Structure formats: C-alpha cells, structure tokens
Amino acid sequence: MLKTISTESKSLGDTRVAMVLCYINGISHQVQKPEKLLIDYLREDCSLTGTKLGCGEGGCGACTVWIWTVDPVSMQPICYTVNACLVNLAMVDSCYIMTIEGIGNRKKGLHPIQKLLTQYGGSQCGFCTPGILMSMYGLGQKCKASKTVLDIEQVESHFDGNLCRCTGYRSIFDAFKEYVQVANQSGTEEQPPQDLLQNLLNVFGTRRRTLRIFTSNAEYLHSMTDSSSLSSYLHFSPSSNINIDHIFIRPTSLEQVMHYKRVYPLAKFIVGNSEVGIDVKMKHRQWKQFILLNDVPELLHLNMCSDGCHIGAAVSLDKILEHIEQLKRSEHRFRAFYALGKQLKRFGGVQIRNVASLGGNIVTASPISDIQPLLVAMNATFQWISCNDGIYKKAIASDFFVGYRQTLLHEDDLLVDIWIPFTNESEYVFAYKVSRRQEDDIAIVSAAMRFVLRSACYPDTISFRSTLNKDILEDVSIVYGGMAERIKRAEQTEAALRGSPLDPRLLMPICFDTLDRDFVLNADSPGGMVAFRKTIACSLLLRSFYRLEHTLQIMASHSIHLPKEEDERDELDPSFSCRAIQTIPQHLKSNSGFLGSSSPHPAPFLQCSGEAQYVDDIPNASMDTLYGAFILSSEPHANVLSIDCSQVYDTLPGMTRIFFSQDVPGTNSFSIVHGVCDEQVFCSGHVTAVGQVIGFVVADTREHAKMAARLVKIEYERLPAILTIEDARAQESFEPCCGRMNLSSVLSPHWIEDGNVDEVMNRTDLLKVSGKMKIGAQEHFYLETHGCLAIPGENDELVLFVSTQSPAKTQMAVSKVLGLESHKVVCKTKRIGGGFGGKETRNIFISCAVAVAAHLLKKPVRISLDREEDMCMTGHRHPFLGEYRVAFDKLGKILAVETLLFANIGNTLDLSMAVLDRALFHSENVYFIPNVRFIGRLCWTHIISNTAFRGFGGPQAMAIAETWIHHVAHQLKMDPESVRSINMYRSEGFVPNTPYGMPLIGWTGWQCWQSVLESSDFWNRKQQITEYNAQHRYRKRGIAAVPTKFGISFTNKTYNQAGVLVLIYLDGSVLVSHGGVEMGQGLYAKIVQIVASEFDIPLHKVYISETSTDKVPNASPTAASSSTDLYGMAAIDACRQLLDRLKTVDKDFCLSWEARIQKAYHERISLSATGFYCTPEIDSVDLSQNQKGNPFYYFTVGAAVSEIELDTLTGEHHILRTDIMMDIGRPLHPVIDIGQVEGGFVQGLGLFTLEEVILGDEDHSWLPRGHLFTKGPSTYKLPGFHDIPRDFRVSFLSNAVNHRPIIHGSKAVGEPPLFLAFSVFEALRNAIESARSDLSSDACELFCALDSPLTIERIRMACYDEIVSHVLHESKAVKDEK
Ligand SMILES: Cc1cc2nc3c(=O)[nH]c(=O)nc-3n(C[C@H](O)[C@H](O)[C@H](O)COP(=O)(O)OP(=O)(O)OC[C@H]3O[C@@H](n4cnc5c(N)ncnc54)[C@H](O)[C@@H]3O)c2cc1C
Ligand code: FES
Ligand code: FES
C-alpha cells in the first residue's frame, strides 16, 4: 500500500456540460449523441460521405480523418489522424476535425496531394483513396506543427494504417514523394484556416480543463444544464429515476475520475477505445457508462528520472514512440526503451498508435500483446488506485497478469502509472514480434529477453573471444506472448540459463527441453499453429543469444555504439524504401489523339475529393427508408427445426418485419448459370453452410436491424458436414452426385487430353516425378462491401442501386424472385469500390432479399454489409488441390503430364464449372507438352459458395504447372528457369498449338521471357545469390523467373457480346451508356477515350454517368478482363454509325463538331445509336467432351523475375526486387495499364504468400466446424504498403501489337499479371532450398513441396533445422504417448 487519496465529496472544480462541441471542416457542431461513432455522424448526419467505412475495426484506414486539438497538459495545439470508425463523438469533444471534403474539392480547388494522386493513377476504385489522402494530409500537418521538414523516408514509413486492394501502392508512393518536393519547394497552403485554430485554442483549452459530462438523454441533459452547481452531478446516481441511455464523463483530475467511478460503478474507462470499441462492435458488449481518461493530467505524464521512466497510463503509444525516438541512441540505460520503440513501430497502424494508450494495452492483458513481454522482462512496475477507497497499490508486471485477459485490477481500480527501470551497463534487452504481416498485425508470438551478464565487457582490455568465454548469464528473463493463455515467463528456461556461459550453440539444446516444459500447447490450442509457435519461441531465443553475442562483439571491437551493420543472425532490416521504374517503349505511346495517352479523366478527381458516390453514399430519398440485416446460419449442415422471433418483437423498437422463404412473392430459387437453380434467396429449411441466409430483418435504423437479427433464435438438427477437398474426396462428394439435386444433365467431369499420356508414362527410359500442391482460398476484400438500395415505384416498378459487376444478372434474378417481368426492374451501378470477381454473382441473393422487402413493404430498403458479414456470406477464390505425374528426359524435356485438379466449390454451383474449365485451359501454362491429360473435379462442400476471383482458376492451375516444372528441375539438379526455357512454347517458323487445339498466333511469350531475364540480369544475380547464400546461414536470398499466358474471352461463348448506347445532344456533348461496370479498372476512362477519338472531339465532351439495365439490356458481367475490348468495339460500332449519318450533312467534315450536330438535327437525322459487338472466331469448347477449339480470342502474356530475402529463423521475408515484362499490345492508357499490372501483381502476392482463409476444419480444430476465423482485417492480411517489392520495375514489350483487330492494337490487362506474383513464391522456394541444403542433406534430396499461400508458418517449418526437427519430434512423441 502506498498513499491514499481522500474519497470524500468536495468541490471538484468547475463543470460544463453537456453537448459535444467540435468543428468539422471549419463548421461548429454541437451534438447530443456522444455515443455515436464519428464515422456515422459524418456520413449520416453531416452527409460527409467521403469518409468511408471499409472495416469498422480500425484495420483498413478508409475512415481516416485528421484531428486538431489542445493538449490537456501542455495546452499546446496537437494534431493527429484517427480512425473515425473507432472514435465516438464524446472522444472528439473540443476537436477540430478535417475530412477529405475539407482539404479540397472540385469547386474550391484540390489540395496538391489530391491532384498528384490523380495524376499518378493512385486511385483506381477510389474507395481507399480518401483515407489514404487523409493520412498523407495528417503527416504534412504534423510536420508543419512540429516545424520539421517532410521527407521521403517519413512518407515511406507512414502508411501502415491504410490498405488499398487495387493499386499495388507504388503509384501512391510516387505521388506522395513528388508532394514532398512540391511541399518543400513552395510550401503548401495553410490548411485549415490558422486564424480559426488560434481562436479555438482558448475555447478548446478551457474545455479540456473542465469536467464535461455528455449524455443523449434530454431530461438528464436539461437537469445538468439548468444548474451551474456541482451538486447536481454529485447527487446524481444510477438509482435516479431518469433513464440514462449513454453517459460519457470526461474528468480533468484523478479525484474526479474516482468520484465518478463511485457514482457509476459500471462505468468503463476508455482512452483510445481501440479495444473497447472492438468489443462493442464485434462482441456486442453494451456498456452505457464511460469515463474518458484523456484529460486527466495525473495519467498523462512521461517523466524520465534517475533510475527509470514513469509513464502515465493514458499516454498514447505514439507519444511514447516520439519520446523514445528523441533519446540518444548510445546510452546503455535506454536499452529497454530502444526495444520498446522497436515494438511500438510495429504496433497497429499510425491511426491506432495516435490514440491507443499504454494503460489500455496493459489492462486488456492480451496474451499476444507485443509490449507486455518487454514490461514483464524489465520488471516494470504498475501502480493503480482503487476508486472506492483511494488506496494505491503496485505490482511488478510479472505478477500483474494472472490469467486469460485477467489482471490484479478490480472493477473499481484505475491504472495510473507504469514505471520502466533503466538498464545497467551489463544488462541487455531484446524484444521480438512475429506476425503474418510485418505491419499492422497482431503477433503470433511476441517475446522479450533480458540478460544480465556477470562481467561487463570492456572492449579496450579484453579480446572478443575471451570476452565471450568470460560472460556468464547472471540473470535472465525470458517472456513470451502467444505461448499461453497470458503473457508468461519461461521460468524453467530462465533457471536453466542462469549461471551459464553465453554460447548459443551450447545453450540451445538445454533450452529445447526447458521450453517444452515451460509451454505446453495442445493441438487444439486457440490460434492453432502449435508447432510453428514452438519453433518461433526457440528461434527467437536463439536469435537473442546471437544478438547478445554480436552486440558484445561490436562493443569489444569498436566502440560503445550498438551494432548497425548487417548481421545475418539478426532480423531483416525493417526499414522500407521503394524505388520503381516503369518502361513504356516510346513507340507504344500515343503520337496523336487520345488512344495510347494517359489522359486525365474526371472520376479519380471525384474519388480524391470524396465526392464520388458509392451505393452506401446515396442519400435517403425519403424519410421512410428502412435498413436490413441478415439472419445467417450458424451451422455448416443442418435441418432448421424452429425459428423463434419472439424476442425481436417483444424487445426492439423500430422493428418492421422479418422475411423468410415463404414470403418470397415469386420463386425463392434462381440460377447463376446453366439453368441450375441451386441458389436460394432464403434457406428453406436445410442449411448447407455457415453464413447462409435464413431470413432478412428490416427496421427503422441499421442498428435496430442488426440487433433484431441477433435476437432471432434458431434451433437446428445437426448433420455431418463436408468442409474440405479431402472430406469431399473421402465422401465422393463430386459432381453430379451431390445428393442435393440431380445435375447430371449439366455436369460431368471435364478434361483436356492430347497425345498418349499412358504410353509415355510407361516408358522406362524416362524419368518421372509425382506430387501434389494445395492452393488456399482468397478473400476478395474489395474495400467497399456489398450494398444495395431498392426503391419501389408505381405499378410494381423497382429501381435497385447495387454494388455489382453484373447489373443485368441482378435484374433478371430479382424479377424472377419478385414474380415480375424484367422491364419492371431497373438495376443501376455507378461505380463499385472494387470487385475482383466477388461482385459478379455473389451480390445477387443480397439484392434479391432487399428487393423482396422493398417490394412487399412498398418502402425503400437498403443494406451495406459489415465487413464480417461480407466475408462470411459471399465466398472466396476456390481452393484447389492439384496432383500431378510428369515424365521427362534427362535434358529436361517434358514429354507427358497428367494433372488432376480438385476445386472446393462450396454449397452451390455458382461459376465453378467455368472456373474449373479456365483452370484446365491454363494447366500447361506456357509449356509445349506433347502428351497431356488434365482432369478437373468439382467438390461440393458445406461452406459458402466459392466464386469468381481475378484469374478465375487460371492462377491456381498455373501455380501447379510451375510446381511440376520445379519438381522436374529439382530431380535433374537443374535450374527451374532452364527447364522452363526448354519446354516453353516457341514460334520459330511455325505456330504452336495448345493441348485444346488453339493456335498461338502472334506468340510473344518467349520474347517476354528472354527480355525479362536479360533486363533483370537474372543469371548474374542468381550466381551472386548462390555466393551470398553460401556465406549466410540464417538469412537467405532467392530469385526466380516465372512466365504466364492468360486467355482473353469468357469461356462461356455467349457472354462475349456487348451493347453500347451513344447519344449526341445539340450542344455537341455525348452521353455514352454501356453494359460494363467501372470498378477501378479504368473502363469508363478508356471508353471515353475511344469515343472522343472516334468523333475527334475533346474528352470532356464525352460522359458516362452510370451503368443501367434500362439503357443497355442483357449485358454480360464485367469480368474476364475483356470489357474494354467488348465495349470499346461496340462503342466504335455506334460511333461509326453516327459518323456515317453525319457525313450526309457534312461530307468532308468541314464544319465544327457542334455545327455539324446542329445541322444534322435540323435535317432530322437521328443522333443516337446503339453499337453492338460480339467476339468473332471463338468457339464454345465443351470440356465434358474433351472438345478442341478456340475458347479465347487471344492471349496476354508476360514474365517476371523476383528476388527475395528470407529470415530462416522466423519465415519473415521481403521482396528486394521484381521485374515484370508484359505484352499488352499497344496500351490504351499507360497509367491505367501499369496500375493494373502492379495491382494484379500485388493481389497475386497476397494469394501466394500472405492471405490465408482460416475455417474450422480438421486442420483448425480450435475453431467451431465450418466457422470462418478470418472475418476482417485483424485476422485476414492483405499486402500492405511495405509488402511490395523495394525495387519494382514494370515494362511493356517493345514492338507489341495485338494481332487481333482490337482497338489501337491493345490487349486486355486486368487478370493476366496476377499470376506473375508466383515468381515470389518460387524465389522463396529457392531460398528455402538453400536453407535446407545447409542444414540437412536428407531434406535437400527431397523436393521441397510447398502449399500456397506460402505463409511465414509454412516457410519456417520448411526451413528444416534442428529447431524444427526438435519440435516435430517432440510433437510426434506426445502423439505417440497418447
Ligand atoms: C486495428 C488495431 C490494431 C491493433 N494492434 C495491436 C498490436 O499491434 N499489438 C497489440 O498489442 N495490440 C493491438 N491492438 C489492441 C489495442 O489497440 C491495444 O491494446 C491498445 O493499447 C489499447 O489501448 P486503448 O487506449 O485504445 O484502450 P481502450 O480500448 O480505451 O481500453 C482498453 C481496456 O483498458 C481499460 N483501461 C484503459 N485505461 C485504463 C486505466 N488507466 N485503468 C484501468 N483500466 C483502463 C478499459 O476499460 C478497457 O477495458 C490493436 C487494436 C486495433 C483496433
Ligand atoms: S473503416 Fe475504419 S479502419 Fe477500416
Ligand atoms: S483504389 Fe484502393 S482499394 Fe481501390
């Protein structure tokens, strides 16, 4: 017990209440809903829809806004960015908030960062754009405030709190790097108005020193504002008969905190709300009373004293980091702080660190915290006070954490201070974090090691070796996160090490056994990855020994400076810098007109200013608009026994109605393809996946609808579930025997066969390999989730605004479900915030449910899915399993291949047959193999239906092809690139044919391959890497080259058609409508270019407003990379019809465009035309009959070389360089096309190395069966800004032109580059092979079979060393014992 604070009531100072006061973009707001999230307030109440909701959990940065306020201690202005989705209004009281609309718009002028981002093509779908711009704006303002110069390094390290799914990030970096120059040369305009901020300094300053209480309850509010005396607050208690909805108290002293905690014992303390906010959103915790600690000076100190540092519990992580960065680097006493700084840099993203507090992290007591292991290792002391009795207590960190998310604190305790002692001269501290992604990710394992050496190291007197011999580990702290239900010391290991000499080689064997005893993890331990976590625990300990040894070595040999030079036993250099080169051969660029030029187009300007509208941004047209929420199955396979909605109707206000299958006015089922009606709007009694729709609730607000959906109780009779390909194979759950409906007329196994595989496989003179590879699912993670707004009209008309790639399919399904003819239903899409295939069909059941409600209630109904719902309901890229057999000769020539592909399609057919067909069509990638048999099987499982995803089965099949190539190379001890070269299609004097009989006319794959090998200096670098690897044991490099070819056209021949409507108005302006959807791929921009070029008029004269089924009927989905080809050609058709007509009034086009149009009008010539195009010379190739033909119009081809660096102790890696060479013909719009290549590559990078969809199944027995674990950005990791190649070079092939008569000789570019990211996978395999060859000759003999995604877990376990060997043997021994 320390001291006490009096708890008697006494005057607690001046108080002001009760409306939140903030400024938004210069306008004052007084608000009475303190609990409302800032993002909701901005979007719903202020119509500032530029701030986007991408995830609602602080993980994507789409909602970033900038905040300016007054520091409650220094009373100086401070500014920072926050995630508006985690900040409620009470938290932004006394803040000036700037949103994207505030920094610039088209009327008042764009800010330079908005202009530059547009110019560099850094905004594709645009959904992430406002958030990214606000982050950049925040950085600029922060520099301005701190009077520091903005530099490129800051830009490169700043965006760890933002995600973009489209661009590949390079263009964003380039735009902002240019901004650095602009800003430093000219200084940007003062934003926001400095005079206003100066005035607010006093107002906000006074408020932040004044106790404030906010509530949404008007009566209470009135009682407070009526009285100026403090007693009205003091005497208020929850027993009062005023019903408090929410109350937020912002005390300004410790005494006030204690007082209000006694008045409201259930009140929740908050600082950054980054933990509490998540609990409220994801776990639906319903706290009503909050005490905000942000204005309490006693919790905001950061004091260095003689023996350590006191940090107030409410100090933000960013402030601590800033403080650490100012410490002198060389002082031994700060070693723990350097380690803390390192951890903090990888903690969350900037926006989280700006608000999250150290106290909040400690009290949360997460077992995977990055910081707590360090605090425990350092014997940090926590001090807290009981708000009830005012008694202070303290404990050292290791005693503080007592169980899973449990600490010594009681409900009424307030953490006040954290004391971190300085390190003495012989004390060394290291901290580590291993996570899936380097930035903004939760640790899988975190660790801190503290060593006290018995004799200090005196470099001038002791030689390096003798120093080592003399150093004894006198005291040791080894602490891990992620290894138990709480942060835990490895006590037995610590004991075993105490008194030992420092020698990593001797110590590790001891630690193997003790660590096993310290941490017993069962196979079903939460989080899984048991063997990996154990391996990492050992690896990090080994690393810390080496680090210590190395530190001593440096100190002994040089000076007191900590090591800076590269040490291969240490971690990879986390600093990131990206250089990029894009090469577009001069003659491919436009020399006249718009085609081939990167003309600016208006959409990105709108996206950059936040004015671009997505479905959820459309304002409610009428007051009676209702909101929907889905009732979803929680069982993978079950009969629904009963549905109980009584609680909903009994308890909820604003409830309107719940819809189930019996309410559907038309038919409940519909078909996606082949007339197979296996899709249902609402499940009709038999659920076949977790996340399947059972019902749809409609209510007056979003919140009421969601709450109602949660209150519906469903009783199930569970049935056995098939979840994986392995399950499906064991149960023979293939087409057409799924038992759900007879699909035999539609489906049968599909295959491609050419030559005589069996005969070649039987040849004894050939070598053979066989193997298999699994490729996991991938989540689309378009930044804009699925959304729909349905507005009923007269006579059963219905207009739908939908985020879809396929308005026409949506229209058709909705009319069927409503029992209407299609002419009554109009489906409109202006733009979508990313689709990638995920919105080709999986929006349809969502739109149908919304349509049913709107149609029956005769009111507008809308929905925008939460990220979690979206990920659970809408399916993924198909997981594949490929088994292969290959026969080849000694020179590496492959003579026969057989592959068997299994695709996990989920619970409905959707587009799976077409996905499998495309996989089969790409099974040979770019290799001429004379004898092939490729067989595809669809596996029906009880998971949500998988669907289209950029590449559409092609990348999975090509990955399997590159794997068997590598396997052959391994067998022959050749470079895989040599085997690739030997077997690649060539067109020297003849046109090669694919196994399905399509001639490769205009084949440039070989040129791309040769060109990229040469431009990347591949063979020299490969040699250098071999030398590098020979000298490094724990850090390996790898390099690989991979080619690709991608067929352009829908393999469903019917879809290869397009319609365009061109209208010319009397002022000469042109409105174009077509069936394609703009989703960031630049389709609208390219069509505008084409039309303007045809008419020879300025770009601004041509406009595309939206895609709508009442302008162009029956449009195919926007997919298969071919929309520009299709709609571009159809647009040309329409334009040429009009030009022909115009010639009749102005034969030689002597008149101006406007005069010509006027004249045509007066001469009664029609000024509108529909254009049509259908791709010629393609065949419908039926693979159920092994038919031959031309499924594609042409191929887009390319090749890439990637070099990576791998930390073999943790599996972490980064890409040093990637070179891409693509033949995209003559690019129509180089900036857009480069963006597609980079974006596709980075999405492929996610597919093959990072993004892991985790579902409860045999491999993840710690999860409920069939339930998705990866439901948001916290668990599912997309590539971030720092995952892209540090040197990123994209080139287009010289002299390229499409041999087909497609506009400007261009080629499709959307999907083809994605597979090139497999070069990273192969480079990693290359590095792993090098690690294995160092460590075990046995392991090196075996082909390194790797599944995708090649996560750090898979990589580390594949780097088979003594640690992995120990862990695996130990796990086996435990299993055997059982
Ligand atoms: C996107 C995102 C990324 C994240 N990344 C990481 C990461 O990389 N590593 C990591 O370890 N964590 C991470 N977190 C978790 C979280 O941000 C941290 O735990 C953070 O430090 C919590 O601080 P806060 O101020 O926001 O806490 P709050 O949410 O305000 O509070 C958290 C808890 O602490 C209590 N509390 C706060 N202060 C006190 C006090 N003084 N006395 C008593 N109780 C108190 C609150 O009542 C609550 O129970 C992340 C969270 C998000 C949303
Ligand atoms: S929406 Fe706020 S961070 Fe994603
Ligand atoms: S442009 Fe970044 S998510 Fe689409």
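Residues numbered from 1 in each chain as written. Chains lettered and ligands numbered in written order. Predicted model: local features only at pLDDT ≥ 70, side-chain atom pairs only at ≥ 80, totals over all residues. Heavy atoms only, no water.

**Concerning the overall build of the chain**
Then step 1. When its secondary structure is counted, the chain shows 42 helices and 48 strands.
Then step 2. Whereas a compact globule of 1378 residues would reach a radius of gyration of roughly 34 Å, the chain reaches 32 Å, a difference of no more than 12%.
Then step 3. With the C-alpha coordinates of the chain rotated into their principal frame, the extents come out at 95 × 80 × 70 Å.
Then step 4. Considering the chain as a whole, with its 1378 residues, one finds that 66% of them fall into the buried category.
Then step 5. For the chain, the computed accessible surface area is about 47,600 Å², with 51% contributed by carbon and sulfur atoms.
Then step 6. Between the centroid of the 132 positive side chains of the chain and the centroid of its 155 negative side chains there is a distance of 2 Å. (Helix = DSSP H or I, 4+ residues; strand = E, 2+ residues; numbered from the N terminus. Rg over C-alpha atoms; globule rule 2.2 N^0.38 Å. Buried < 20%, exposed > 50% of the residue type's maximum accessible area, 1.4 Å probe, protein only. Areas by Shrake-Rupley, 256 points an atom, 1.4 Å probe, with all protein chains shown as cover. Lys, Arg positive; Asp, Glu negative; His and termini not counted. Charge placed at Lys NZ, Arg CZ, Asp CG, Glu CD.)

**Digging into the site of ligand 1**
Then step 1. Lining the immediate surroundings of ligand 1 are 32 residues, of which Phe269, Val271, Ser274, Ser357 and Leu415 lie closest.
Then step 2. The separation between an oxygen atom of ligand 1 and a polar main-chain atom of Phe269 is 2.6 Å.
Then step 3. Here ligand 1 loses 92% of its free accessible area of 980 Å² to cover by the protein chains.
Then step 4. At the level of elements, strand 9 (268-270), helix 11 (276-282), helix 15 (358-364) and strand 17 (413-421) are the ones that each hand at least two residues to the shell around ligand 1.
Then step 5. Among the elements that make up the shell around ligand 1, the one with the highest residue count is helix 15 (four residues).
Then step 6. The residue makeup of the shell around ligand 1, split by class, is 14 nonpolar, ten polar and eight charged. (Near = heavy atom within 4 Å. Polar contact = N/O pair within 3.5 Å; in protein donor to acceptor, adjacent residues only side chain to side chain. Nonpolar A, V, L, I, M, F, W, Y, C, P; charged D, E, K, R; others polar.)

**A word on the nonpolar core**
Then step 1. Tyr96, Phe176, Phe696, Ile894, Trp964, Val1070 and Phe1095 are the most contacted members of the largest nonpolar core, which totals 268 residues.
Then step 2. Judged by nonpolar contacts, the second largest core, of 78 residues, contains Val20, Leu38, Val87 and Leu89. (Core = buried A, V, L, I, M, F, W, Y, C linked by side-chain atoms within 4.5 Å.)

**Quick word on the confidence of the model for the chain**
Then step 1. Averaged over every residue, the pLDDT of the chain is 92; residues scoring 70 or more account for 92%.
Then step 2. Counting contacts from residues 6-12, a segment whose pLDDT is below 50, to residues more than four positions away or on other chains yields 16 contacts.
Then step 3. Ignoring residues within four places in sequence, the model shows residues 225-242, a span with pLDDT below 50, making 30 contacts including any to other chains. (pLDDT = per-residue confidence, 0-100. Contact = heavy atoms within 4.5 Å.)

**Here we look at helix 31 (residues 954-972)**
Then step 1. Along its 19 residues, helix 31 runs 27 Å from first to last C-alpha, staying within 8% of the 27 Å computed at 1.5 Å per residue.
Then step 2. Buried residues dominate helix 31, accounting for 18 of its 19 residues. (Expected span 1.5 Å × (residues − 1).)

**Quick look at the pattern of salt bridges**
For side chains bearing opposite charge, pairing can occur when the charged atoms are close.
Then step 1. With the rule as written, the count across this model stands at 85 salt bridges.
Then step 2. Between Glu753 and Arg933 there is a salt bridge; the shortest N-O distance is 3.1 Å. On the criterion of sequence distance, the pair formed by Glu753 in strand 31 (residues 750-754) and Arg933 in strand 39 (residues 931-940) is long-range, its members being 180 residues apart.
Then step 3. Under the relative-accessibility criterion, Glu753 is labelled partly exposed at 25%.
Then step 4. One network of salt bridges, with partners in common, ties together Lys36, Arg43, Glu44, Asp45, Lys52, Asp616, Asp617 and Arg702. (Salt bridge = Lys/Arg side-chain N within 4 Å of Asp/Glu carboxyl O.)

**Topic: the packing of helix 38 (residues 1230-1250) against helix 39 (residues 1318-1335)**
Then step 1. It is the contact of helix 38 with helix 39, at a shortest axis distance of 8 Å, that shows an interaxial angle of 45 degrees. Viewed along their axes, helix 38 and helix 39 adopt a mutual orientation that is oblique. Packed against helix 38, whose contacting residues are Phe1241, Leu1245, Phe1248 and Thr1249, the element helix 39 presents Phe1318, Ser1319, Val1320, Phe1321 and Leu1324 at the interface. (Axes fitted to C-alpha atoms, helices over the stretch in contact; angles between N-to-C directions. Parallel < 35°, antiparallel > 145°, perpendicular 65-115°, else oblique.)

**Digging into the environment of Gly691**
Then step 1. With respect to the helices and strands, Gly691 occurs in the loop between strand 28 (686-687) and strand 29 (693-699).
Then step 2. Taking relative accessible area as the criterion, Gly691 reaches 4% and is therefore assigned buried.
Then step 3. Gly691 sits 158 residues away from Arg533 along the chain, and the two C-alpha atoms are 30 Å apart.
Then step 4. Apart from residues no more than four positions distant in its own chain, Gly691 is found in contact with Leu632, Ser633, Cys872, Met873 and Ile944.

**Some thoughts on the UniProt feature "binding site: FAD" (unreviewed entry) in the chain**
Then step 1. If you check UniProt for "binding site: FAD" (unreviewed entry), the listed places come out as Phe347, Ser357, Leu358, Gly359, Gly360, Asn361, Asp370, Leu415 and Lys433 in our numbering. These annotated residues cover 87 residues of sequence, and their C-alpha atoms sit far apart, with the largest distance between any two at 25.3 Å.
Then step 2. Structurally, the position occupied by Asn361 is in helix 15.
Then step 3. Given a relative accessible area of 13%, Asn361 falls into the buried group.
Then step 4. Not counting chain neighbours up to four residues away, the residues in contact with Asn361 comprise Phe347, Ser369, Ile371 and Gln372.
Then step 5. We classify Lys433 as buried; its relative accessible area is 2%.
Then step 6. Residues contacting Lys433, with those up to four places away along its chain left out, are Gln343, Arg346, Phe347, Asp370, Asp441, Ile442, Ala443, Val445, Ser446 and Glu1212. (UniProt positions renumbered as here; feature names shortened; annotations may be inferred.)

**Let's talk about the UniProt feature "binding site: [2Fe-2S] cluster 2" (unreviewed entry) in the chain**
Then step 1. The residues that UniProt annotates with the feature "binding site: [2Fe-2S] cluster 2" (unreviewed entry) are Cys125, Cys128, Cys164 and Cys166. In sequence the annotated residues extend across 42 residues, while in space they remain close, none of their C-alpha pairs exceeding 9.4 Å.
Then step 2. Residues in contact with Cys125, not counting those within four places in the same chain, are Cys166, Gln607, Tyr614, Ile832, Gly833, Gly834, Met1079 and Gly1080.
Then step 3. Here Cys164 lies in the loop between helix 5 (152-156) and helix 6 (170-186).
Then step 4. Discounting chain neighbours no more than four positions away, the residues touching Cys164 are Cys128, Ile132, Tyr169 and Ile172.

**Quick notes on the packing of aromatic side chains**
Then step 1. Applying the stated rule across the entire model yields 42 aromatic pairs.
Then step 2. Between the aromatic rings of Phe451 and Phe545, the centroid separation amounts to 5.8 Å while the plane-to-plane angle is 40 degrees, which identifies the pairing as tilted. Of this pair, Phe451 sits in strand 19 (residues 445-453) while Phe545 sits in helix 21 (residues 530-557); the two residues are 94 residues apart in sequence, bridging distant segments of the chain. Each member of the pair, Phe451 together with Phe545, is buried. (Phe/Tyr/Trp six-rings, centres within 6.5 Å; stacked < 30°, edge-to-face > 60°.)

**Section: the sheet that holds strand 24 (residues 638-644)**
Then step 1. The strand order 28-24-30 describes an open sheet built from three strands, whose pairing is antiparallel. Each edge of the open sheet is held by one strand with a lone partner, namely strand 28 and strand 30 (713-718). (Pairing = 2+ DSSP bridges.)

**Quick notes on the side chain of Glu1252**
Then step 1. Locating Glu1252 in the fold gives a position in the loop between helix 38 and strand 48 (1287-1292).
Then step 2. Although Glu1252 lies buried, it forms no salt bridge, and the closest oppositely charged side chain, Arg436, sits 4.0 Å away as judged by the N-O distance.
Then step 3. In this structure, Glu1252 is in contact with Arg436, Thr1270, Tyr1276, Pro1349, Thr1351 and Arg1354, ignoring residues within four places of it in sequence.

**Remarks on the environment of Leu1099**
Then step 1. Summarising the element assignment, Leu1099 is placed in the loop between helix 35 (1083-1095) and strand 43 (1102-1104).
Then step 2. Leu1099 sits 30 residues away from Ser1069 along the chain, and the two C-alpha atoms are 9.9 Å apart.
Then step 3. With near-sequence residues (within four places) excluded, Leu1099 lies in contact with Phe594, Ser599, Pro600, Val1088, Gln1089 and Ala1092.

**Some thoughts on the pairing of strand 24**
Then step 1. Across two bridges, strand 24 lies against strand 28 in antiparallel orientation. Bridging from a neighbouring strand, Asn639 pairs with His686 of strand 28.
Then step 2. As paired strands, strand 24 and strand 30 are joined by six bridges and run antiparallel to one another. Paired with Asp644 across the strands is Lys713, a residue of strand 30.

**What to know about the sheet that holds strand 18 (residues 427-434)**
Then step 1. As summarised here, the arrangement of the four strands in space is 18-19-20-21, forming an open sheet in which the pairing is antiparallel. Two strands close off the open sheet at either side, each with one partner strand: strand 18 and strand 21 (488-489).
Then step 2. Sheet topology places strand 18 next to strand 19; eight bridges connect them, and they run antiparallel. Its bridge partner being in strand 19, Ala431 is matched across the sheet by Ala448.

**Describing helix 27 (residues 807-818)**
Then step 1. With twelve residues, helix 27 should reach 16 Å at 1.5 Å per residue; the first-to-last C-alpha distance of 16 Å fits that figure.
Then step 2. Burial runs high along helix 27: ten of the twelve residues are buried.
Then step 3. Every buried residue belonging to helix 27 is among Pro807, Ala808, Lys809, Thr810, Gln811, Ala813, Val814, Ser815, Val817 and Leu818, and all of these are buried.
Then step 4. In this structure, the buried side of helix 27 is in contact with strand 26 (669-670), strand 34 (798-802), strand 35 (825-829), helix 28 (844-857) and strand 44 (1107-1108).
Then step 5. Of the residues one or two after helix 27, Gly819 is the one with positive phi, at around 70 degrees.

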